[in-house]
Amino acid sequence: MSTSNSSRGDGAVVYIDSPVEQEAWLIATFGPTDQWSIASQTWHATDMGNQQEVLAIALPSGEQIEVVFAEASPDESLAGEGQDRTGQMEELMQRALEFSEANPPHHPGTLPRFPVPSASYRDTVAVPMTILAVDDSGTRGLYAPPRQVGISIKDGSLVGAGEFPGFDPEHWPPARLGDWPPPQLAGIAHEQLQATIARFSACWSRVLDAWFAKVAQADDVLRQDVREGLHRRSMLDLMEILPYYDRLNPVFAKWLNDMVGEDRHGEETR
């Protein structure tokens, strides 16, 4: 699986909250661990007094790529356990699925997608609930979400489960978005796919924290998290579902644009 230059470091600092996230970034970016190795590892202090870790990654081609890692959160240590955010999005999506099953109507092919802040409830994320089904030709595809599930970010409780904005129950089935899994994931090794999900989860967790903290101006960490989070999400999803995230919360969609200082035409698989 190819990666864009913006995902490979190229001298830019990569912000992480834990060694687990660091490993996820490396595998998501360079592939399974048998395809690269760490040629050298050094540490140095910045002008601000923070520690940075510099890894030289050796590729089979003989090329070496230098990657600089720094703490995403000032109170975490690169050398310690840190805060592992790599499973948070999957936990929210699994909880949304359980809530959907307990609050019918629930389609057996329901597939939760990635959370965004709810436009209707405070301190709540909304999880779009798409449907995975086989059409008349026997092709498995993803269908637009007829429902959404709201989950409290404070205690993980169910806030609400209801129709997705714009869904018309009189027109069933909902629109078919495309074949599933996404074509850009064809041939990707399982290890790299899981690492991509993990790195996305960590980036998106920090993005959601910034939104709920009402951050109005992005620092380097948030700017990178928004850009990479959107890029990783587009790798893991069909392009056709991306507008549905914006439909759930247009204000959040605009905030994402503001945080990177540009419109998000780059939110596509490169």
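1. With respect to the pattern of salt bridges
On inspection of all chains with the given rule, the structure shows 14 salt bridges. As a salt-bridge pair, Arg-206 and Asp-17 come within 3.0 Å of each other at their nearest N and O atoms. With Arg-206 in helix 3 (residues 190-212) and Asp-17 in the loop between strand 1 (13-16) and helix 1 (19-30), this residue pair connects regions lying 189 residues apart in the sequence. Of the two residues examined, Arg-206 and Asp-17, each falls in the buried class. Here Arg-85 makes a salt bridge to Asp-209, at a shortest N to O gap of 2.9 Å. Highlighted residues: Arg-85 in the loop between strand 4 (64-71) and helix 2 (88-102) and Asp-209 in helix 3, separated in sequence by 124 residues. By relative accessible area, which is 40% here, Asp-209 ends up partly exposed.

2. A few points about unusual backbone geometry
Here the residue pair Trp-172 and Pro-173 is connected by a cis peptide bond, since its omega of 5 degrees sits within 30 degrees of zero. Following the sequence through the fold, Pro-173 ends up in the loop between strand 9 (158-163) and strand 10 (176-179). The peptide bond linking Trp-180 to Pro-181 adopts the cis configuration, its omega dihedral lying at 5 degrees. Note that Pro-181 resides in the loop between strand 10 and helix 3. Unusually for a residue other than glycine, Asp-123 sits at a positive phi of about 55 degrees. Relative to the assigned elements, Asp-123 resides in the loop between strand 6 (116-117) and strand 7 (124-134). Note on Asp-123: relative accessible area 24%, which makes it partly exposed. With a phi angle near 60 degrees, Lys-214 is a residue other than glycine that sits in the positive phi range. Of note, Lys-214 is situated in the loop between helix 3 and helix 4 (220-236).

3. Some remarks on the packing of aromatic side chains
Within this structure, the stated rule accounts for 11 aromatic pairs. Residues Trp-25 and Phe-30 carry aromatic rings whose centres are separated by 5.8 Å and whose planes lie at 80 degrees to one another, so their mutual orientation is edge-to-face. Since its relative accessible area comes to 8%, Phe-30 is described here as buried. Between the aromatic rings of Phe-30 and Trp-36, the centroid separation amounts to 6.5 Å while the plane-to-plane angle is 50 degrees, which identifies the pairing as tilted. One exposure class covers both Phe-30 and Trp-36, and it is buried. Just above the ring of Phe-114 sits the side chain of Arg-113; from NZ or CZ to the centre is 4.8 Å. Sitting over the ring of Tyr-244, Arg-247 keeps its end group 4.5 Å from the ring centre.

Analysis parameters
Counting from 1, residues in each chain are numbered in the order their sequence is written. Per-residue local features of the predicted model are confined to residues with pLDDT of at least 70, and side-chain atom pairs are confined, for both listing and counting, to 80 or more; whole-chain, interface and lining totals are unaffected and use all residues. Only hydrogens and water are set aside; all other atoms, that is, all heavy atoms of the structure, feed into the side-chain values. A pair is scored as a salt bridge if a Lys or Arg side-chain nitrogen falls within 4 Å of a carboxyl oxygen belonging to Asp or Glu. Helix numbers and strand numbers start at the N terminus; a helix is a DSSP run of H or I with at least 4 residues, a strand a run of E with at least 2. A simple rule labels every residue: compare its accessible area, found with a 1.4 Å probe on the protein chains alone, to the largest value its type can have, and call it buried under 20%, exposed over 50%, or partly exposed in between. Ring pairs are drawn from Phe, Tyr and Trp, using the six-membered ring of Trp, whenever the two centres fall within 6.5 Å, and their geometry is named by plane angle: stacked under 30 degrees, edge-to-face over 60, tilted for the rest. Whether a charge sits over a ring depends on NZ of Lys or CZ of Arg being within 6 Å of the ring centre and within 35 degrees of the ring normal.

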